[in-house]
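Next come the chains, spelled out residue by residue.
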Amino acid sequence: MRGPLGAVIGRYPSSDGVTQMGGIIRHNRKCRDITVLLIFIAFWIAMIVNSSFGFNQGNPLRLTNGLDYKGNVCGDKHAHPDLGELELRYWQNPNQVYQSGLKNSQFKLANARSICLLDCPIPSEDSLDWVCDYPEGDIRLSVADWINRNYDYFEFLTPEMRNSSLQLQGPCYPVIFPSVNVYWSCQFIARASNTSLKHWQQMGGVNINEDIVIDKSVHKSINSHSAVLKRYMADIGKAWPVLIVCGGILPLFLSVVWLVMIRHFVAAMPWITVAFFNILIVSVTIFYYLKAGWIGNDAITPIIGEHDPYINVFGRELTHLRVATVVMTFIMAVAVLTSIAIVRRILMATSVLKVAAKVIGEVQALVIFPLIPYGILAVFYMFWISAALHLFSSGQIVQNDCNSNCCTYDLLAKRVNCDLCCGYSIRYTPHIGVAILFHLFGCYWATQFFMACSSTVFAGSVASYYWNHGETSHEIPFLSVFSSMKRLMRYSLGSVALGSLIVSFVESVRFLLESIRRKLKVSSYEPDNCLGRAAYQSAQCFLRCIEWIIKSVNRNAYIMIAITGKSFFVSSSTATELIMNNILKIGRLNVIGDVILFLGKLCVSLSSVVFAFLMLDTDKYKSSRYKISSPLLPVLVCWALGYIVATLFFAVVEMSIDTIVLSYCQDSEEHQGTAQYAPPLLVETLGDENETQRLTQGTQ
């Protein structure tokens, strides 16, 4: 049986035997769950080593820019020659592109000869233009002069080089088809220029295929699943100013504003929160419709820069955005109907928030303290996102193993070489996938850990306020917060690490099950009978319930850890017993209050989404260098960051309510159903009328 906390909470004897006021936490605490703390430290060391591997092996340019025939990444300043300005990949030989698009063809587009250019070539209207290889050997042009000449030095070629070029063996290749910049690759359009093709034939050039296949070959490569995933990751790196403003600064400002308003306008805040939530979720849904092209003419396009308006190129990102729009429409409908349904419960939420507002007004340092975990998480996320981009691009560039027959003119060897037919590609080893999964798990565990630390500090500070009859130290206003933080750092980090690990583990298992389901669906192994589908849905529902229960138990466990200093499992047991003994009293208080707080978090995160859409709609993110493939992932990241920041600050209100409620329940149990330390406002909400009168008279 759990013993009373009278020796722990309230008065405590000093070393000279005199009973003093102000004690809440017993001073003979011990370090708890040390093993888990050591595991957490080892985990951080592994995270640093894992990230170092990414920084050493990765190059974020690989996520969007292709490779040339030498294995250089387009746009790489350290390549030979310097490709800092040359970001677009262009396939010089149109027949190779055509051949790679044929069904059952053994020739792959990755082996087609490609170079890096500043812009995509377009055929001339009255002559034949050429795109020549990088200048080297006897071609004594600088890269800058080569660019200024539109990559054309055909007039400087020797008769041997000209004959080789007419055989589509280089070093110069004709511009017969127009090309357009599609995600930093020049996609051919199967509309050969009659003028250019006529000049080519008059010069004795070999036959050039003009079929529509030449369109599909590059398009298929650009829209592959791996290419789309890389572009999504690259979007995060390009939109980093949006993440800082909409995922960090804006939610910080809105969270502080919400806390200040809850302090001074507590009666109106539930109504304001519900109304603002409905406006925001409708606004976000409209933005999705705009970018999906179902409203207006502002749909995302894979084509970069100016182009012929009759050219229409489809990107897989648009499909994903339209699916997200449908999902968002369903979420909006459910959310609006739910918010309307809880309007009748708003008055109960007001009474709940009044309790938290009272605590925040007395312990004002609670509003400022979240800046500490906020700053730590901000630094962590900047490091983590940068490491993630490098990990996703940390494959090795190796030459392909191909059996293709091709010959190209080698400017350095001054002859046609038929041995270098294979191109280059990025090869990913299995350990890179493991490193990425570990990195993702590390982010979730670290986030849960810092949020749990913040909640524990709040709980200790609020408990000090409650068990001192609502008195605070006016001389040292930050004393209770600093004392609670000191106790956490000294004794309870292991317990907090254990609680956050349990939540992270359950969430990771659910994520892996979902990934397996998607793979089975793609492989057509998804169970097609009702029993199989029901079993899967039941497993998902069970895991979601387990996750929700664990998060709820953890939050109350952190409160008891802050008060008693016990280990995680002991604190969980104590908190659960208190809740079960007072389930009716706690249930009617917490449920609707948690709903309003959840809507408040969504208001902050949805505001971040709205501003992210507005920032991503500027010209900067539609240009060649900084263009994002889709606003989908940056917007989702801004939403997640905004929600995390709001959770850090709103935990002040959540933990204030939960800590006071648990303290009230414990107070009532220790004093035969009469809470001796409870403030009148709390008794008015939870207790009976006689107890309210007693406390009111006692404070006069």
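Residues numbered from 1 in each chain as written. Predicted model: local features only at pLDDT ≥ 70, side-chain atom pairs only at ≥ 80, totals over all residues. Heavy atoms only, no water.

- Named according to an unreviewed UniProt entry, the chain is Choline transporter-like protein originating from Lupinus luteus.
- In its Function (unreviewed entry) section, the UniProt record describing the chain reads: "Choline transporter."
- The UniProt entry for the chain carries the following text under Sequence similarities (unreviewed entry): "Belongs to the CTL (choline transporter-like) family." (UniProt positions renumbered as here; feature names shortened; annotations may be inferred.)

1. Let's talk about the UniProt feature "transmembrane region" (unreviewed entry) in the chain
Then, number 1: Per the UniProt record, "transmembrane region" (unreviewed entry) is annotated on residues 34-55, 239-262, 268-290, 323-343, 363-384, 488-513, 595-616 and 628-653.
Then, number 2: This span, residues 363-384, is 82% helix and 0% strand, and a straight line between its end C-alpha atoms measures 34 Å. (Helix = DSSP H or I, 4+ residues; strand = E, 2+ residues; numbered from the N terminus.)

2. Some points on the pattern of salt bridges
Then, number 1: In this structure the tally under the stated criterion is 10 salt bridges.
Then, number 2: A salt bridge links Lys601 to Glu654, with the nearest nitrogen and oxygen atoms 3.0 Å apart. Of this pair, Lys601 sits in helix α18 (residues 583-616) while Glu654 is found in helix α19 (residues 632-670), placing the two residues 53 residues apart along the sequence. Taken as a pair, Lys601 and Glu654 share a single burial class, namely buried.
Then, number 3: Connected through salt bridges with shared partners, the residues Lys291, Asp298, Asp617 and Lys622 form a single ionic network. (Salt bridge = Lys/Arg side-chain N within 4 Å of Asp/Glu carboxyl O. Buried < 20%, exposed > 50% of the residue type's maximum accessible area, 1.4 Å probe, protein only.)

3. Section: the packing of aromatic side chains
Then, number 1: All chains considered together, the criterion is met by 31 aromatic pairs.
Then, number 2: With 5.5 Å between their ring centres and 70° between their planes, Trp44 and Phe380 make a pair best called edge-to-face. You can see Trp44 sitting in helix α1 (residues 34-57) and its partner Phe380 sitting in helix α13 (residues 371-392), a full 336 residues away along the chain.
Then, number 3: The class of Trp44 is partly exposed, set by a relative accessible area of 23%.
Then, number 4: Relative accessible area serves as the criterion here: at 6%, Phe380 is assigned to the buried category.
Then, number 5: Note on Trp146 and Tyr151: the rings are 5.1 Å apart at their centroids and 65° apart in plane angle, and the pair reads as edge-to-face.
Then, number 6: Accessibility expressed as a relative area gives 0% for Trp146, which makes it buried.
Then, number 7: What links up through ring pairs into an aromatic cluster is the set Phe40, Phe43, Trp44, Phe380, Tyr381, Phe438, Phe441, Trp445, Phe449 and Phe450.
Then, number 8: Taking NZ or CZ as reference, Arg113 lies 3.7 Å from the ring centre of Tyr69, over its face.
Then, number 9: One residue, Lys620, lies across the ring of Tyr626, its end atom 5.4 Å from the ring centre. (Phe/Tyr/Trp six-rings, centres within 6.5 Å; stacked < 30°, edge-to-face > 60°. Lys NZ or Arg CZ within 6 Å of the ring centre and 35° of its normal.)

4. Considering helix α5 (residues 194-202)
Then, number 1: If you check which residues of α5 are buried, you get Ser196, Leu197 and Trp200. Summarising the axial view, the buried residues of α5 lie within an arc of 95°, below the 170-degree limit, and thus occupy one face. Exposed side chains of α5 directed beyond 90 degrees from the buried face belong to Asn194, Lys198 and Gln202.
Then, number 2: Following α5 by one or two positions, Gly204 has its phi on the positive side, about 90°. (Arc of directions from axis to C-beta.)

5. Side note on the side chain of Asp133
Then, number 1: Tracing the backbone shows Asp133 in the loop between β5 (130-132) and α3 (143-148).
Then, number 2: A distance of 2.6 Å separates a polar atom in the side chain of Asp133 from a polar atom in the side chain of Arg113. (Polar contact = N/O pair within 3.5 Å; in protein donor to acceptor, adjacent residues only side chain to side chain.)

6. Some details on the packing of helix α7 (residues 225-238) against α19
Then, number 1: The geometry of α7 relative to α19 is characterised by a closest axis approach of 8 Å and an angle of 55° between their N-to-C directions. As far as their axial angle goes, α19 and α7 are oblique. Classified by chirality, the crossing of α19 by α7 is right-handed. Contact residues: Tyr232, Met233, Asp235 and Ile236 in α7; Leu632, Leu633, Pro634 and Val637 in α19.
Then, number 2: Partitioned by chemical class, the residues of the contact of α7 with α19 number seven nonpolar, no polar and one charged. (Axes fitted to C-alpha atoms, helices over the stretch in contact; angles between N-to-C directions. Parallel < 35°, antiparallel > 145°, perpendicular 65-115°, else oblique. Left-handed = near helix turned anticlockwise from the far one by under 90°. Contact = heavy atoms within 4.5 Å. Nonpolar A, V, L, I, M, F, W, Y, C, P; charged D, E, K, R; others polar.)

7. Here's the deal with helix α10 (residues 316-341)
Then, number 1: When the terminal C-alpha atoms of α10 are compared, their 38 Å separation across 26 residues agrees well with the 38 Å that a helix rising 1.5 Å per residue should span.
Then, number 2: Of all the residues in α10, the buried ones are Glu317, Leu318, Leu321, Ala324, Thr325, Met328, Ala335 and Ser339.
Then, number 3: Packing partners of the buried residues in α10 comprise α7, α9 (269-292) and α19. (Expected span 1.5 Å × (residues − 1).)

8. Here's the deal with the state of the cysteines
Then, number 1: What the rule picks out here adds up to four disulfides.
Then, number 2: Paired by a disulfide, Cys132 and Cys172 hold their sulfur atoms 2.0 Å apart. Taking the torsion about the sulfur-sulfur bond, which here is approximately 105°, the covalent link between Cys132 and Cys172 counts as right-handed. Placement of the pair is Cys132 in strand β5 and Cys172 in strand β6 (residues 172-174), with a sequence separation of 40 residues. (Disulfide = S-S within 2.5 Å.)

9. Side note on the layout of surface pockets
Then, number 1: Of the voids in this model, the second largest pocket is the one considered here, and its volume is about 940 Å³.
Then, number 2: What lines the second largest pocket is a set of 38 residues, and nearest its centre among them are Ile236, Gly237, Lys238, Trp240 and Leu389.
Then, number 3: Broken down by secondary-structure element, the contributors of at least two residues to the lining of the second largest pocket are α7, α8 (240-264), α13 and α19.
Then, number 4: Examining the composition of the lining of the second largest pocket, we find that nine residues originate from one element, α13, more than from any other. (1 Å grid on protein atoms, 1.4 Å probe; cavity = no way out; pocket = protein on both sides within 12 Å on 5 of 7 lines; lining within 4 Å. Points joined across faces, edges and corners; volume = space filled by probe spheres on them.)

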